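# A structural walkthrough
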Amino acid sequence: LLIGGAIVAALLDSTRILYQLSLYHLRSSSAAFLATLLSFFPSSPSALRFAPYSEPFFTYFSYRGMLACVRSQWLFASLYFAIAGVFRSNAVLLCGFIIWNMLVAPLLSGRKELLSVNTTLRCVAYVVVSLSPFIYHNYRAYLLFCSSTRGYPRSQWCEGSTLPSIYTHVQREYWNVGFLRYWTISNIPNFLISLPILLNVWIFCIFYLSYLPRILRDGFARQESKSGAHLPLRDSLFLNPSILPHVLHGISVTLILTFSAHVQIALRILPSLPMTYWAAARLLIERPRWGKAWVAWSVVWCGLSCVLWAVFLPPA
């Protein structure tokens, strides 16, 4: 079963999808190729590519959904995000790409004629579809543990709020997850090993947001290319207005990882973000010294992770 799962995980290769996404957002085949090449050295190679675990499947279907969004294939996007949600609960954030592309982007670019009551209702329906696994899991848990007809003792999480979340309850009670709960002296090593990839994403987000006024003023107002993608500002390949939802998504994820989660899972979560590789590609193109340092860390850490995975993998 483990070998079969690993084979399926390897077959669901996300690199081709990442290249197509990068080509759309960066508008440069060489930059897209570089970002895709950097994805071969993720901070969690065994989990992201080889292991029968949730990350390879989550990454593949989330990339598929993101690509469907830029192609205005909303139904496919919602279905891909829903499948991603079957594997990881943080897929709830992916519905933001549907909302952005259907409602926010047309508003910012002045294409208000694309907005209508029908479009809004369709957007709500697609969001509900993408959130359906999360809603189902919580509803199923509520029936099992909060309904007196099931025979189970009523759990305390049922009384927590109007819309109780079993995921939040389990994370808090059994994993001690919560705001600043992980900020202890004993966890400093976990912060140190996660620092490179967190800094990579944070630096890119700060860089992008520093140009946000110009992007909002000039980028969205520029004439679109024939492919329907906004042209990037001349300052950098990595300032395309279409990257903004990825930056907002990245900020949300890194805030959670930094302040309200076991920070070391950043090594498994952040490699599933396309922006992680765009940030690394930007360093190599615009800040070569820092880019080479990132590549060196990626290669060393990736190799060490593979060795440790092979050594400690239990025999079949």
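Placed above this text is the structure.
To keep things clear, this report deals only with the structure shown in the data block. This structure is a prediction, so every number in the text was calculated from the model and none was measured. Note on numbering: residues in each chain are counted from 1, in written sequence order. Per-residue local features are limited, in this predicted model, to residues with pLDDT of at least 70; the limit for side-chain atom pairs, both in listing and counting, is 80 or more; totals at the level of whole chains, interfaces and linings are taken over all residues. Side-chain measures here rest on the full set of heavy atoms in the structure, leaving out hydrogens and waters.

Helix numbers and strand numbers start at the N terminus; a helix is a DSSP run of H or I with at least 4 residues, a strand a run of E with at least 2. When helices and strands are tallied, the chain shows 15 helices and zero strands. Relative accessible area decides the class of each residue, using a 1.4 Å probe on protein chains only: under 20% of the type maximum gives buried, over 50% gives exposed, and in between gives partly exposed. Out of the 316 residues belonging to the chain, those deemed buried represent 46%. Whether two residues are in contact is decided by their heavy atoms: any pair within 4.5 Å suffices. Here the analysis covers contacts within the chain between residues at least 6 apart in sequence; of these, 69% occur between residues at least 24 apart.

It is worth spelling out the packing of helix H2 (residues 15–26) against helix H3 (residues 29–38) at this point. Here, axes are lines fitted to C-alpha atoms. For helices the fit covers the stretch in contact, and angles between N-to-C directions go from 0 to 180 degrees. Here H2 crosses H3 at 145 degrees, and the two axes come no closer than 8 Å. Taken as a pair, H2 and H3 cross one another with a handedness that is right-handed. Contacts between H2 and H3 involve Thr15, Leu18, Tyr19, Ser22, Leu23 and Leu26 from the former and Ser29, Ala31, Ala32, Phe33, Ala35 and Thr36 from the latter. Residue classes in the contact of H2 with H3 are distributed as eight nonpolar, four polar and no charged. Take the far helix as the reference: if the near one is turned anticlockwise from it by less than a right angle, the crossing is left-handed, and if turned clockwise, right-handed. The residue classification treats Ala, Val, Leu, Ile, Met, Phe, Trp, Tyr, Cys and Pro as nonpolar and Asp, Glu, Lys and Arg as charged. All others, Gly included, are polar.

Next up on the list: the nonpolar core. Residues Leu270 and Trp278 are the most contacted members of the largest nonpolar core, which totals 65 residues. Element by element, the count of residues in this core is highest for helix H5 (residues 54–70), at nine residues. Ignoring anything within four residues of it in the chain, the contact list for Trp278 reads Leu18, Leu21, Ser22, His25, Leu26, Ala35, Phe204, Phe238, Ile243 and His246. Among buried residues, those of type Ala, Val, Leu, Ile, Met, Phe, Trp, Tyr and Cys that are joined through side-chain atoms within 4.5 Å constitute a nonpolar core.

With 14 residues, helix H6 (residues 74–87) ought to run about 20 Å at 1.5 Å a step, and its terminal C-alpha atoms sit 20 Å apart, in line with that. Taken together, the buried residues of H6 touch H5, helix H7 (95–108) and helix H8 (117–146). Multiplying 1.5 Å by the helix residue count minus one yields the expected span of that helix.

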